Amino acid sequence: MDIKTLVLALALGNLSLCAALSFFEQERRRAGLAAASTTWGMAKQFQAVAWGLLFLRGTLPDFLTIPLANALLFTGFALDASALWEQAGRRVWRRYLLPALGAAIGVFTGAWLLDLPAAERIAIASLVIGFFFIAGAAALGRSWSAGTLLRRYLVLSSLLLALAVMARGLLTALLPDGWSWVSPALIQGVGIAALYLMMLGSAFGYLLLTREKQQAELDRLEVVDALTDVPNRRGFYQTLTPWIALARRPGMPTSLIILNLDHFKRVNDNYGHPVGDKVLKAMVDVCKKQLRDSDLMGRLGGAEFAIQLPRTSLEDAIMVAERIRLAVAAMPVKAEKAVINMTASLGVTTIRADDTTVSLFKRADEALQEAKQAGRNRVAEAQTGAGALEA
């Protein structure tokens, strides 16, 4: 594949991808969803225009097909790197990549105005392209030890291809006639292949990473409550199961607290569900401040929550529950038209050797009902039985 054919393929490929992204974004807007990948989509648009101008070199004026085309190409690669940094949770476009892009465009344009040889301009362009791909690889390489195999593969392949493109540019400038068995045609061929693979890797890699991230979020939402960001019923049960098994061994027991906000339905009825959601999130934040890092809070549904206290006796668990009760009662939640004060009823028990999830929650719920029947805003402990473990 010669350079002209490659440039045309890259121009048409990016143009086709831009069209597909446009239709995809239209469907998202029609469904009332936010834009999915604005920065990355802009990168493909810049690259499509740039490759189109480069393909038309010799037909259009040189200032359009050399400095302007390369400036647009550099911008597209910089936006590619920026999109990866945004995906990693950091926005470095204006602080770092924008100054680097301005310097790159200035250097290349200056080289063209000074009428430097084409080999030197190729070297500059190759170094700039390689730099931005390395910047993108740096974003992918954050938290390497926790990264997926896909992410690690993309980091290594991006680095190798970026180095190949940069080496092609340098060898073209330093060894215009080649060296030994390394002919100019071989240098050019390796550079073209690396650039083509780099573009393919950038496009498909970003799409695969986006898909991987979305799947990870879907998996997370299966066990995490989206509103309060604590485990939902399923996630809490999964975490609790090993502790039920450990209860068969001697040692400090694990305690369980069931918490229910008193008369929470009135909040939703009188102030609306958005205010009710605000109350729930505030309550969870207050409860977390009373817990250790090893403790776990989960939402069972509605305004009912469970709290797991590993290696905590019944007496200590009652003290924790009382602290939580007082903290919730002292928690005013400011709404638009009122300040809402809530109270909570809590039931406390410990995991017994013969417990199942059903028997454990049944006993804790009975304690909760006892607290409610006694007037609410109080803590009640479950009735002890012969199977209870001693601290």
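Structure shown above.
A quick note: this is a predicted structure, and the numbers were derived from the prediction, not measured.

### Some words on the overall build of the protein
At step 1: Counting secondary structure elements, the protein contains 12 helices and seven strands.
At step 2: Its C-alpha atoms give the protein a radius of gyration of 31 Å, clearly above 21 Å, the size a compact globule of 391 residues would have.
At step 3: Its C-alpha atoms give the protein principal-axis dimensions of about 90 × 50 × 30 Å.
At step 4: Burial status across the protein gives 45% buried among its 391 residues.
At step 5: For the protein, the share of sequence-separated contacts (at least 6 apart) that also reach a separation of at least 24 residues comes to 69%.
At step 6: Carbon and sulfur atoms make up 60% of the accessible area of the protein, which totals about 20,600 Å².

### Considering the environment of Ala-88
At step 1: Checked against the element boundaries, Ala-88 lands in the loop between helix 3 (62-87) and helix 4 (93-113).
At step 2: Residue class for Ala-88 comes out partly exposed when judged on its relative accessible area of 30%.
At step 3: Separated by 55 residues in the primary sequence, Ala-88 and Ser-143 place their C-alpha atoms 9.8 Å from one another.
At step 4: Those residues within four positions of Ala-88 in sequence are excluded, and the remaining contacts are Ala-139 and Arg-142.

### Description of the nonpolar core
At step 1: Of all hydrophobic cores here, the largest spans 53 residues; its most connected members are Trp-51, Phe-74, Phe-77, Leu-97 and Ile-129.
At step 2: At the level of elements, helix 1 (3-30), helix 2 (38-55), helix 3, helix 4, helix 5 (118-140), helix 6 (149-174) and helix 7 (184-221) are the ones that each hand at least two residues to this core.
At step 3: The element contributing the most residues to this core is helix 3, with 12 residues.
At step 4: When neighbours within four sequence positions are excluded, Leu-97 is seen to be in contact with Ala-78, Ala-81, Ser-82, Trp-85, Val-92, Phe-132 and Ala-135.
At step 5: Membership of the second largest hydrophobic core comes to 34 residues, among which are Leu-261, Val-279, Ile-307 and Leu-346.

Cut-offs and rules
Residues numbered from 1 in each chain as written. Predicted model: local features only at pLDDT ≥ 70, side-chain atom pairs only at ≥ 80, totals over all residues. Heavy atoms only, no water. Helix = DSSP H or I, 4+ residues; strand = E, 2+ residues; numbered from the N terminus. Rg over C-alpha atoms; globule rule 2.2 N^0.38 Å. Buried < 20%, exposed > 50% of the residue type's maximum accessible area, 1.4 Å probe, protein only. Contact = heavy atoms within 4.5 Å. Areas by Shrake-Rupley, 256 points an atom, 1.4 Å probe, with all protein chains shown as cover. Core = buried A, V, L, I, M, F, W, Y, C linked by side-chain atoms within 4.5 Å.

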